Amino acid sequence: MPPKKRNSGTTQNKELKPSAESPSPDKKESPELSVKKHRDKDAEFVTLCKSLHVTDLLCDHAWKLWKRVQDSMEEVTDTQKRLWGACLFVSATDMDVSCFTLTQVLKALSLNVKQFLALVRKLDVNLDTISTKVNSALTRLEKKYDVMLALYQRFEKTCRKIFALVSDGKERETIRSCWTMFLLAKGRALQMEDDLVISFQLLLCTLELCIKRCPPDLLQPLYKSAISKVQSPPTRTSRRNQSKAKSRPPEPEVDLQLLKTLCQENECNAEEVKNVYQTSFSAFLDSLDLSRSPDFSQVNDLDLQYEEHYLKSRDFDGRLFFDGDETVLAPKVEISQVERTPKKNFSDEDIVLIPPQTPIRAAMNSIQQLRGDLTTSGDQPSTNLATYFKNCTVDPTQDVQKRLETLGQTFSQRFAQAVGPHCAVLGRQRFALGVRLYYKVMEAMLKSEEKRLSVQNFSKLLNDSTFHTSLLACALEVVMATYGESSFKTGGYNHGGGGGDTVETNLCFPWILDVVNLTAFDFYKVIESFIKAEPTLSKDTVKHLETCENLIMERIAWRTGSPLFELLKQENEGGAAEQVETPANFSQPLQHNHTAADLYLSPMRPGLRVLPPESPATPSSQASSQLPTQPAGQTPRLPKSNSLSLFYKKLYRLAYMRLKILCSYLLSSHPELEPIIWTLFQHTLQHEQELMRDRHLDQLMMSAMYAICKVKSVDLRFKTIVTAYKNMPNTNQETFKHVLITEGHYDSIIVFYNQVFMQKLKTNILQYASTRPPTLSPIPQIPRSPYKFPSSPLRVPGSNNVYISPLKSPRMSPGIMTPRSRMLVSIGESFGPSNRFQKINQMVNSSDRSFKRTLDLGSTPKPLKRLRFDVDGQDEADGSKSGGDSTLIQKLAEMSSTRSRMQEQKMKEDAELRKE
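Residues numbered from 1 in each chain as written. Predicted model: local features only at pLDDT ≥ 70, side-chain atom pairs only at ≥ 80, totals over all residues. Heavy atoms only, no water.

### Focus: the overall build of the protein
The test is simple: A helix here means a DSSP run of H or I that spans at least four residues, while a strand means a run of E at least two residues long, and both kinds are numbered starting from the N terminus. Remark: exposure states derive from per-residue accessible area (1.4 Å probe, protein chains only) relative to the maximum for the residue type, with buried under 20%, exposed over 50%, and partly exposed in between. The contact definition used throughout considers only heavy atoms, calling two residues in contact when any of these lie within 4.5 Å. Only the protein chains shown count as cover for residues, and all accessible areas are computed by the Shrake-Rupley method using a 1.4 Å probe.
The secondary structure content of the protein amounts to 37 helices and four strands. Taking all 916 residues of the protein together, 50% fall into the buried category. If you take every contact in the protein between residues at least 6 apart in sequence, the share linking residues at least 24 apart comes to 76%. Accessible area for the protein stands at about 43,600 Å²; split by element, carbon and sulfur atoms hold 51% of it.

### Some details on unusual backbone geometry
Following Phe 509, the chain continues into Pro 510 via a peptide bond in cis, with omega recorded as 15°. Within the fold, Pro 510 resides in the loop between helix H22 (465-482) and helix H23 (511-516). The phi dihedral of Arg 314 is positive, around 65°, even though this residue is not glycine. A positive phi is found at Asn 517, a non-glycine position, where the angle reads about 60°. Checked against the element boundaries, Asn 517 lands in the loop between H23 and helix H24 (520-533). Taking the relative accessible area as the measure of exposure, Asn 517 reaches 72% and is therefore exposed.

### Remarks on the packing of helix H19 (residues 397-419) against helix H20 (residues 424-453)
Heads up, the condition is: Under this scheme, a helix contributes an axis fitted over its contacting stretch, all axes are lines through C-alpha atoms, and angles between N-to-C directions fall in the 0 to 180 degree range. Crossings are assigned a handedness: left-handed for a near helix turned anticlockwise from the far helix by less than a right angle, right-handed for a clockwise turn. Each residue gets one of three labels, nonpolar for Ala, Val, Leu, Ile, Met, Phe, Trp, Tyr, Cys and Pro, charged for Asp, Glu, Lys and Arg, and polar for the others, Gly among them.
Their axes nearest at 8 Å, the elements H19 and H20 cross at an angle of 140°. The element H19 and its partner H20 pack so that their crossing is right-handed. Across from Val 400, Leu 404, Leu 407, Gly 408, Phe 411, Ser 412, Phe 415 and Ala 416 in H19, the residues of H20 making contact are Ala 424, Leu 426, Gly 427, Arg 428, Arg 430, Phe 431, Val 435, Tyr 438 and Tyr 439. Looking at side-chain class alone, the contact of H19 with H20 contains twelve nonpolar, three polar and two charged residues.

### Side note on helix H7 (residues 132-162)
Residues spaced three or four apart along an α-helix face the same direction, because each turn holds 3.6 residues. Condition: Multiply 1.5 Å by the residue count of a helix minus one, and that product is the helix's expected span.
Helix length check: H7, at 31 residues, gives a terminal C-alpha distance of 44 Å against a target of 45 Å (1.5 Å per residue), a fit within 8%. Taking burial as the measure, the 31 residues of H7 include 22 buried ones, the bulk of the element.

### Things to note about the side chain of Asp 315
Going by this rule: Any pair of nitrogen or oxygen atoms within 3.5 Å is treated as a polar contact; in protein, a donor-acceptor pairing is required on top of that, and neighbouring residues in sequence qualify only through side-chain atoms on both sides.
Considering the arrangement of structural elements, one finds Asp 315 in the loop between helix H14 (299-313) and helix H15 (319-323). Side chain to side chain, Asp 315 and Lys 144 meet in a polar contact 2.7 Å long. Filtering out sequence-adjacent residues up to four positions away, Asp 315 remains in contact with Thr 101, Leu 102, Thr 103, Arg 140, Leu 141, Lys 144 and Tyr 310.

### Some thoughts on the packing of helix H9 (residues 196-213) against helix H13 (residues 270-288)
Basically, it comes down to this: Working definition: roughly parallel below 35 degrees, roughly antiparallel above 145 degrees, roughly perpendicular at 65 to 115 degrees, and oblique for all remaining angles.
For the pair H9 and H13, interaxial distance at closest approach is 9 Å and the crossing angle is 70°. Overall, the two elements H9 and H13 adopt an arrangement that is roughly perpendicular. Residue-level inspection shows Gln 201, Leu 202, Leu 204, Cys 205, Thr 206, Glu 208, Leu 209 and Lys 212 of H9 in contact with H13, the latter providing Glu 272, Val 273, Val 276, Tyr 277, Phe 281 and Leu 285. Broken down by class, the residue content of the contact of H9 with H13 amounts to nine nonpolar, two polar and three charged.

### Focus: H24
Where we set the bar: We define the bend at any residue as the angle between the axes fitted to the seven residues before and including it, ending there, and the seven starting there.
End to end, H24 covers 20 Å across 14 residues, agreeing with the expected 20 Å (1.5 Å per residue, within 8%). The largest bend in H24 is about 30°, located at Ile 527. Buried residues dominate H24, accounting for 14 of its 14 residues.

### Considering the pattern of salt bridges
Filter applied, for reference: A pairing counts as a salt bridge when a side-chain nitrogen of Lys or Arg comes within 4 Å of a carboxyl oxygen of Asp or Glu.
This structure, assessed with the given rule, holds 36 salt bridges. When the shortest N-O distance is used, the salt bridge between Arg 319 and Asp 317 registers 2.8 Å. Judged by its relative accessible area of 1%, Arg 319 falls in the buried class. Taking the relative accessible area as the measure of exposure, Asp 317 reaches 0% and is therefore buried.

### A short note on the packing of aromatic side chains
Test applied: To pair, rings of Phe, Tyr and Trp, with the six-membered ring standing in for Trp, must have centres within 6.5 Å; the planes then decide the type, stacked if under 30 degrees apart, edge-to-face if over 60, and tilted in the middle. Whether a charge sits over a ring depends on NZ of Lys or CZ of Arg being within 6 Å of the ring centre and within 35 degrees of the ring normal.
With the rule as written, the count across this model stands at 38 aromatic pairs. Relative to Tyr 439, the ring of Tyr 438 lies with its centre 5.2 Å away and its plane at 45°, an arrangement referred to as tilted. Classification of Tyr 439 as buried rests on a relative accessible area of 4%. Between Tyr 706 and Tyr 753, the ring centres sit 5.0 Å apart and the planes meet at 85°, which makes this aromatic pair edge-to-face. Of the two residues, Tyr 706 sits in helix H31 (residues 697-711) while Tyr 753 sits in helix H34 (residues 749-767), which places them 47 residues apart along the sequence. Using a relative accessible area of 15% as the deciding quantity, one classes Tyr 706 as buried. Taking relative accessible area as the criterion, Tyr 753 reaches 6% and is therefore assigned buried. The structure contains a cluster of three or more aromatic residues connected by ring pairs, namely Phe 521, Tyr 524, Trp 558, Phe 565, Phe 647, Tyr 648, Tyr 652, Tyr 656, Trp 678 and Phe 681. Residue placement shows Lys 144 over the ring face of Phe 316; its charged tip is 5.8 Å from the ring centre.

### Examining the nonpolar core
Which entries qualify depends on this criterion: Here, nonpolar core refers to any group of buried Ala, Val, Leu, Ile, Met, Phe, Trp, Tyr and Cys residues whose side-chain atoms link them within 4.5 Å.
Core analysis: the largest hydrophobic core is formed by 238 residues, its most contacted members being Ile 512, Phe 530, Phe 647 and Met 705. Not counting residues up to four positions away in its chain, the partners in contact with Ile 512 are Phe 411, Ala 473, Leu 476, Glu 477 and Met 480.

### Some thoughts on the environment of Leu 203
Along the polypeptide, Leu 203 turns up in helix H9. Residues Leu 203 and Arg 154, spaced 49 residues apart in sequence, show a C-alpha to C-alpha distance of 9.7 Å. Apart from residues lying up to four places away in sequence, Leu 203 is in contact with Leu 151, Phe 155 and Phe 182.

### Brief notes about the state of the cysteines
Two cysteines form a disulfide when their sulfur atoms are joined by a covalent bond. Note the following rule: By definition, disulfides here are pairs of cysteine sulfur atoms that lie within 2.5 Å.
Counting across every chain of the model gives zero disulfides. Left unpaired, Cys 59 is separated from the closest cysteine sulfur, that of Cys 49, by 3.8 Å. On the basis of relative accessibility, which here comes to 0%, the residue Cys 59 falls in the buried class.

### Some words on the environment of Ser 51
Among the secondary structure elements, Ser 51 is positioned in helix H2 (residues 43-51). Put simply, Ser 51 and Ala 108 are 57 residues apart on the chain and 8.3 Å apart in space, counted from C-alpha to C-alpha.

### Considering the confidence of the model for the protein
Note the cut-off: Per residue, pLDDT measures the predictor's confidence, with a range of 0 to 100.
Of all residues in the protein, 66% attain a pLDDT of 70 or more, and the chain-wide mean is 77. Counted against residues more than four places away or in other chains, residues 490-503, with its pLDDT under 50, gives 32 contacts. Predicted confidence is poor over residues 602-633, with pLDDT under 50, and the contacts of this stretch with residues over four places away or in other chains come to 49 contacts.

### Description of the pairing of strand S1 (residues 739-742)
Heads up, the condition is: Between any two strands, pairing holds if DSSP finds at least two bridges.
Of the strand pairs in this sheet, S1 and strand S2 (residues 745-747) are connected by three bridges, and their pairing is antiparallel. If you follow Val 739 over to S2, its bridge partner there is Asp 747.

### Some details on the environment of Leu 57
By the secondary structure assignment, Leu 57 is in helix H3 (residues 56-72). For Leu 57, a relative accessible area of 59% translates into the label exposed. Separated by 34 residues in the primary sequence, Leu 57 and Ser 91 have C-alpha atoms spaced 9.9 Å apart.

Rendered as structure tokens:
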């Protein structure tokens, strides 16, 4: 039973009263607390339980949890009542009991959302209090709160531009109705309530409905004039003669002119919002019987229906944002990255004000940039790409089209299952953008391969289904990351350890691999080539793909059924003389000249095994399809796998970098232990690969650290290791709390160490305590990342204070995209008074003189990072292709030098004129 109807006033004083009449949606399962049964507990604790309508079973469970927490805490850092509330929340989540909502707990404890979430996490002193299920619930609540806060802040700002203030304050009631309707629409239309972009688009739909149905005197001129005139007659007629409404043509569902105005003011794509309106929002209005209603729904009616939804969800009451309630009080606003940059002493006229980078603005800018970069790309292969297809021995065109058609249907269906029942159209939109990016990147890759190999027939590659599926999956992952639907808020885990949420409500990577039926090991092959072939990718997108690659190497590629194990088996059976990647090769730099063709055309690329480690294969030798000639008397060996070799090179470097971070946290006073731990860690990855099956790289890392410290008599407990590990980037507590012990059985990392790791490696570990320990493995050479950011500013040669960067999109002002610690000039934009040109000249002139001084001294200038404006498939920045400065840099240097000579000549002429 829903609680009694709420009035339109503030909600904060009446929050607990409705729950007293209806403590939970499942009243039969929540009988009233019996005080007599809990005389052994603190009276105040029992009072708190009674106020929250807790069951006897939950009361007992929470009290036992409190006793464990109390024993583990050296000192109680908060009031007992607040800790009791946290224990009740943890117990209710673990037991899946719905006695109270989060808001009711917050009000009982006088805490806001952020404070409470931090308090609950503090309970996990011994790392055994918070289960993975509770941690997943905390993460979901935190993300949902962040999204809701961002939405309300934008809603509040937008309403100030829409509604006019009137003396009787009637506009506030209208705004309140609009916000409550949005909350209800969001709760009913979306299963993923933490989807910021679609939620914001739903908010604009709600505002459109509110604007066109509220009295004109409540609107500001811009929106009063934006309402289409065709909207008025049907509305007035329907009021006077409702009996004939069924026989008349239906009222237009959406006012396109008004919606376009709203979208322009909020930097949102109008076509996408229209699709959200016509699918999800229209279905929501039909469910309330509001589609043709001329009037806006009453506050009380909306309150009643939202209250029912809120009690079922058991989290926070979104209406409290409108009331300014302290339980949803926004934390102190963090200064954006732009505003955090220190400003120089510019005059007021020199400063260009930059709007703060709010979550919604950042999301809209990212989407705008992606759509802008794909405006010239079509839904069909370009002429050049079609030519590549026709040049193939077997034309892949039909297979490509059939594959896209099949995967498009699958993607949109699965997208709708995860996001909301009426979101298949949005899934098709995402897929269409992904197809454009897929074609664009494929064409760039083929151009690069043509230039590298001087061939135009790529029949083998273009008829490889795995290559196409991987490339498409990567393009779709970029699109979903841009829309904020794939993130790593939980460290890359989308399978909760027994959590209540189903996987299908989470689009986080590797969701896309499941949708297109692709293995993670095959997907990893395309990531590096994809990034190099698409220079317009944003910095955040590149980082996202790099994180995907790391997740594959850490965990996903090691799942049972992965082709990685079959490759390892073939490698080991092919001869133990040369393993997947020997320590002898660690000192060699990792060359980032691998292409997708190298990794996909043949997993077992011929010709590489016979090459000595000192002679890395050249691109031409990698492309060769001829079997090598075996020297006389040499036993033939299986060819070495390019993809496996590169995978292990990257794995070793990732493993060492993570170990180095953890050692810096824990063993700064014992630096001699790091190479020893690394030797055991590397030995495990090379010779005990089955230990990685269905496990995580970091589980072996922590076990190796604990083992070496144990034999070296260094006091380091697992609890200390795990506590430090939680502070590392992209980590999740499931890594150390949910470790595979035997098939189907999981336990903590300590149990894994004792029952699995130590048993398997005991002999090897004890060798490190002997007088003749094993030879230390070489430290891998950590290369510069192959993932360069083409849009990063580049210093002009010889200058310490002049930088240039390409303007990737003419639709976005550099003033929004660039931190403002220096003077910023964008060619073609107005940027202030003419005297700023003089400042630029002074800066460039001083740069020229310093550059000339370096030349006069005869010293070689420091090599510069190269800024690539063209794409030829090679990454010059990593040293894989030698050459001079790019053409653009050379031209800039020449222009700068010429300008200096002209100025010097002019000064001489002026001096001579003055003498005359």
